[in-house]
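Coordinate analysis (summary)
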Amino acid sequence: MNTLLFPVILAGGKGERFWPLSRKDRPKQFLSLDGSSRSLLQATADRLIELGGGWDSLWVITSSQIAEGVRQQLPDLPVENLLIESEGRDTAAAVAWTSLEIKQRYGEDAVIGFFPADHWIADQEAFAHTLSAATQLAASTAAIVTLGIKPTFPSTGYGYIEQGEKIGSFNELPAYHVNRFTEKPNRETAETFLSTGRFSWNSGMFVFRAGVVLKELHTHAPEIIEPLEQHGPDIYPQLPKKSIDYALMEKTTLAYVLPVDFGWDDLGDWNAIERLLKTEETPNVELATHIGLDTQGAIIYASNPQDVVVTIGLEDVVIVRDRNVTLVVKKERTQEIKQILKIIQSDSRFSDLL
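In what follows, the accompanying structure is described.

**Here's the deal with the overall build of the protein**
Helix and strand counts for the protein stand at 10 helices and 17 strands. Relative to the compact-globule value of 20 Å for 354 residues, the protein shows a C-alpha radius of gyration of 21 Å, a close match. Looking at the 354 residues of the protein, the share that counts as buried comes to 51%. A fraction of 66% describes how many contacts in the protein between residues 6 or more apart in sequence connect residues 24 or more apart. With the model as given, the accessible surface of the protein reaches about 16,400 Å², and the carbon-plus-sulfur share is 47%. Of the side-chain charges in the protein, 33 are positive and 48 negative, and the distance between the mean point of each set is 4 Å.

Below, the structure is given as structure tokens:
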């Protein structure tokens, strides 16, 4: 089956946990975090344009604050394929609006895939093979297909998907009905999930036909889809702010999962850099000029190559130097960067740091 896929990049996130490198004028998806010359957004587009048949099939939805940056990053993207949200309303609204636009242009049988802009994929060939399978399943079945990442450790930072009955194989990959979606578990629960062999990490990547997802949104999230159909994107600021997981995926009976393994990371915070770049031969991950004494397990980043970071006797810390900010945080507390940003937002003296 040679069904065309219309890939959509979700590029509206702020990436606050990568502050101070990620800021309002330069969010995470505009950064290169793996040592390459391509930003996360550009690398995501590189993966998807061939799968979808070129730039004409690729769509991006983003916020008004960074739309111009998206245009600069992806100059070959057709103007009409860039949807600009007047106000961020989370992923349910983004999926609903984009699906409506693609249905209007290509019909309700158009197969759409949604992909966050900040994922890292190791094996491009395996990724393409997986997307072909997901496209086949979505084209032939009333299905909302999600890609479930085979877990490599009992993560407490990811949501999980429990697979149920096997419904067949597509492109030699087994597909299962979804029993349930589970929010981020505690350590003990995550270990139990892994021991069963039935759980995958929720990657946040989905594939479905336009008509299928719009019908399900009418059933489970009419408060989002009906205003959009009646008033168009002008109603956006009045839409409820809900994730697609909460608004639809946890409620629909049409969810299917492909458990896959192509080397994946969602690059959620600074610790992801260590997962990508750490080697056994080096005590630290250094993306900076670093002079260290008795320092190990550190992640050190400086945006200016002329800046020198000097450490003595440190262990398991993240040090980030960018423009006029230096961040020093224990690795296990990087999730709390969001709390620091709330403090900064409340003090007008520091508005230029955001």
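**Observations regarding the pattern of salt bridges**
When the charged atoms of two side chains lie near each other, side chains of opposite charge can form a pair. Under the definition given, this model contains 19 salt bridges. For D118, the salt bridge goes to K28, with nearest N and O atoms at 2.8 Å. With D118 in the loop between β4 (111-116) and β5 (120-121) and K28 in the loop between β1 (5-10) and α1 (40-52), this residue pair connects regions lying 90 residues apart in the sequence. For E162, the salt bridge identified is with R198, shortest N-O distance 3.0 Å. A residue pair is termed long-range when its members are at least 10 positions apart, and E162 in strand β7 (residues 160-170) and R198 in the loop between α5 (187-196) and β9 (199-209) qualify at 36 residues. Look at R198 and you get partly exposed, because its relative accessible area is 37%. Put simply, R23, D25, R26, D322 and R323 are held in one network by salt bridges that share partners.

**Focus on the pairing of strand β16 (residues 317-322)**
Across the 6 residues that make up β16, a large majority, 5, are buried. As paired elements, β16 and strand β17 (residues 325-330) share 6 bridges and run antiparallel to each other. Each bridged residue has a counterpart across the sheet, and for V317 the counterpart in β17 is K330. Between β16 and β17, which pair antiparallel in sequence order, lie 2 residues; one of them, R323, sits at a positive phi of approximately 50°.

**Quick word on the packing of α1 against helix α4 (residues 124-140)**
The geometry of α1 relative to α4 is characterised by a closest axis approach of 11 Å and an angle of 45° between their N-to-C directions. On the basis of their axis angle, the class for α1 and α4 is oblique. As for how α1 packs across α4, the hand of that crossing is right-handed. From α1, R47, L48 and L51 reach across to α4, where they touch Q124, F127, A128 and L131. A class-by-class count of the residues in the contact of α1 with α4 yields 5 nonpolar, 1 polar and 1 charged.

**Looking at the environment of P185**
Residue position: P185 is located in the loop between β8 (173-182) and α5. What makes P185 buried here is its relative accessible area of 10%. Sequence separation between P185 and S155 is 30 residues, and the spatial gap between their C-alpha atoms is 8.0 Å. When residues no more than four places from it in sequence are discounted, the contact partners of P185 are S155, T156, Y158, Y160, A190 and F193.

**Focus on a positive patch on the surface**
A cluster of like positive charges, contributed by K14, K24, K184, K241, K338 and K342, occupies part of the molecular surface. Its location among the elements puts K241 in the loop between α7 (222-231) and α8 (244-249). Its relative accessible area of 56% is what places K241 among the exposed residues.

**So, the packing of aromatic side chains**
Enumeration over the complete set of coordinates arrives at 13 aromatic pairs. Between the aromatic rings of Y158 and W201, the centroid separation amounts to 4.7 Å while the plane-to-plane angle is 65°, which identifies the pairing as edge-to-face. Residue Y158 is found in the loop between β6 (144-149) and β7, and its partner W201 is found in strand β9; the two are separated by 43 residues along the sequence. Judged on exposure class, the residue Y158 and its partner W201 are both buried. Members of the aromatic cluster, connected to one another through ring pairs, are F153, Y158, W201 and W264.

**Structural notes on the environment of T334**
Among the secondary structure elements, T334 is positioned in the loop between β17 and α10 (337-345). Its relative accessible area of 1% is what places T334 among the buried residues. A C-alpha to C-alpha distance of 14 Å links T334 and R275, two positions 59 residues apart in sequence. In terms of polar contacts, T334 uses its side chain to reach the backbone carbonyl oxygen of K331, at 3.4 Å.

**Description of unusual backbone geometry**
Note the cis peptide between W19 and P20, where omega equals 10°. Mapped onto the elements, P20 comes out in the loop between β1 and α1. In the Ramachandran plot, D90 falls in the positive-phi region, its phi being about 75° despite a non-glycine side chain. Relative to the helices and strands, D90 resides in helix α3 (residues 90-106). Residue D90 is classed as partly exposed on the basis of its relative accessible area, which comes to 37%. The residue D294 is not glycine, and still its phi comes out positive at about 50°. Counting through the fold element by element, D294 comes out in the loop between β13 (289-293) and β14 (299-302).

Definitions and cut-offs
Residues numbered from 1 in each chain as written. Predicted model: local features only at pLDDT ≥ 70, side-chain atom pairs only at ≥ 80, totals over all residues. Heavy atoms only, no water. Helix = DSSP H or I, 4+ residues; strand = E, 2+ residues; numbered from the N terminus. Rg over C-alpha atoms; globule rule 2.2 N^0.38 Å. Buried < 20%, exposed > 50% of the residue type's maximum accessible area, 1.4 Å probe, protein only. Contact = heavy atoms within 4.5 Å. Areas by Shrake-Rupley, 256 points an atom, 1.4 Å probe, with all protein chains shown as cover. Lys, Arg positive; Asp, Glu negative; His and termini not counted. Charge placed at Lys NZ, Arg CZ, Asp CG, Glu CD. Salt bridge = Lys/Arg side-chain N within 4 Å of Asp/Glu carboxyl O. Pairing = 2+ DSSP bridges. Axes fitted to C-alpha atoms, helices over the stretch in contact; angles between N-to-C directions. Parallel < 35°, antiparallel > 145°, perpendicular 65-115°, else oblique. Left-handed = near helix turned anticlockwise from the far one by under 90°. Nonpolar A, V, L, I, M, F, W, Y, C, P; charged D, E, K, R; others polar. Patch = residues over 30% accessible without salt bridge, like charges linked within 9 Å, V, L, I, M, F, W, Y side chains within 5 Å. Phe/Tyr/Trp six-rings, centres within 6.5 Å; stacked < 30°, edge-to-face > 60°. Polar contact = N/O pair within 3.5 Å; in protein donor to acceptor, adjacent residues only side chain to side chain.

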